[in-house]
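Overview (structure and organization)
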Amino acid sequence: QAQLVESGGGLVQPGGSLRLSCAASGITFSIYTMNWYRQAPGKQQELVASITRSDTTFYADSVKGRFTISREAAKNTVYLQMNSLKPEDTAVYYCNAKIWTSQSGHWGQGTQVTVSS
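Bear in mind the structure is a predicted one, so any value in this text is a computation, not a measurement.

A count of helices and strands for the protein gives zero helices and eleven strands. Taken from the N to the C terminus, the helices and strands of the protein come in the order β-β-β-β-β-β-β-β-β-β-β. Compactness check: the protein gives a C-alpha radius of gyration of 13 Å against a globular reference of 13 Å for 117 residues, within 12% of the reference. In terms of overall dimensions, the protein has a C-alpha envelope of 40 × 25 × 25 Å along the principal axes. Relative to its 117 residues, the protein shows a buried fraction of 40%. Of all intrachain contacts in the protein linking residues separated by at least 6 positions in sequence, the fraction that spans at least 24 positions is 52%. For the protein, the exposed area adds up to about 6,200 Å²; of that, 48% sits on carbon and sulfur atoms.

Right, here's the structure in full:
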C-alpha cells in the first residue's frame, strides 16, 4: 500500500530555514511526479513545488528563489529545502505523489511549519 510520511516541520524564526522530507513506500517512486502542497487555515491549498520523473521542477511564484525541491531515488525520498522563511509560509505542508494531473494521487499526513518571531 502506498504511504507517504512527511517530517521536518517545526517552529522557526523569520529568515530561518527548514528541510522537509517525504519518504515514500508502496509506489514505484521513479515514475511519479512528487509535489509539495501547503494550506493555511482559511486559505486555499497551494501547490508549492513539484519535481517530475525527469527532475524537471516547478515552483510557485511565492516561494521561487527561496525553496528547492529535490529527490533522492535511492531512499525513495523527496525533500523541500526552505530558506529565508517568512511568516506567510506558515501552513501545513503535504507531500503528494501522482502520475497524472487528473489523479488525486497519494497524500501524506502533513507536517506543520510555523514561522514566527
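Our next topic: the packing of aromatic side chains. In the structure shown here, the tally under the stated rule is two aromatic pairs. Judged by centre distance (5.0 Å) and plane angle (45°), the ring pair of Tyr 37 and Trp 107 falls under tilted. Taken as a pair, Tyr 37 in strand S4 (residues 33–39) and Trp 107 in strand S10 (residues 106–107) lie far apart in primary sequence, 70 residues in all. Accessibility expressed as a relative area gives 14% for Tyr 37, which makes it buried. Classification of Trp 107 as partly exposed rests on a relative accessible area of 36%. Look at Tyr 94 and Trp 107: their rings are 6.5 Å apart centre to centre, the planes differ by 75°, and that puts the pair in the edge-to-face class.

The next thing to look at is the nonpolar core. Counting 30 residues, the largest nonpolar core has Met 34, Trp 36, Leu 80, Met 82 and Tyr 93 as its most contacted members. Mapped onto this core, the elements with two or more residues apiece are strand S3 (18–25), S4, strand S5 (46–51), strand S7 (67–72), strand S8 (77–82), strand S9 (91–98) and strand S11 (111–115). Setting aside residues no more than four positions away along its own chain, Leu 80 makes contact with Leu 18, Arg 19, Leu 20, Trp 36, Val 48, Ala 49, Phe 67, Thr 68, Ile 69 and Tyr 93.

Here the phi dihedral of Asp 55 falls at roughly 70°; this positive angle occurs in a residue that is not glycine. In this structure Asp 55 comes out as partly exposed when scored by relative accessible area, which is 47%. Non-glycine residue Ser 84 carries a positive phi angle of around 50°. Within the element layout of this structure, Ser 84 appears in the loop between S8 and S9. The partly exposed category is assigned to Ser 84, whose relative accessible area is 40%.

Our next topic: the side chain of Ser 50. With respect to the secondary-structure elements, Ser 50 resides in strand S5. Ignoring sequence-local partners within four residues, the contact set of Ser 50 consists of Thr 33, Met 34, Asn 35, Thr 56, Thr 57, Phe 58 and Ile 69.

Cut-offs applied
- Counting from 1, residues in each chain are numbered in the order their sequence is written.
- Local features in a predicted model are, by the rule used here, given only for residues with pLDDT of at least 70; side-chain atom pairs are given and counted only at 80 or more, and totals for whole chains, interfaces and linings are based on all residues.
- To obtain the side-chain values, all non-hydrogen atoms of the structure were included, while hydrogens and water were left out.
- Helix and strand definitions follow DSSP, with helices as H or I runs of at least four residues and strands as E runs of at least two, each counted in order from the N terminus.
- The reference for a compact globule is 2.2 Å times residues^0.38; the radius of gyration itself is calculated from the C-alpha atoms.
- Each residue is placed in one exposure class: buried if its accessible area under a 1.4 Å probe, protein chains only, is under 20% of its type's maximum, exposed if it is over 50%, and partly exposed if it falls in between.
- Here a residue-residue contact requires only that any non-hydrogen atoms of the pair lie within 4.5 Å.
- All accessible-area figures derive from a Shrake-Rupley calculation using a 1.4 Å probe, and residue coverage is judged against the displayed protein chains alone.
- Classification of ring pairs uses Phe, Tyr and Trp, with its six-membered ring standing for Trp, and accepts pairs whose centres are within 6.5 Å; under 30 degrees between planes counts as stacked, over 60 as edge-to-face, and the remaining range as tilted.
- Residues enter a nonpolar core if they are buried and are Ala, Val, Leu, Ile, Met, Phe, Trp, Tyr or Cys, with the set joined through side-chain atoms within 4.5 Å.

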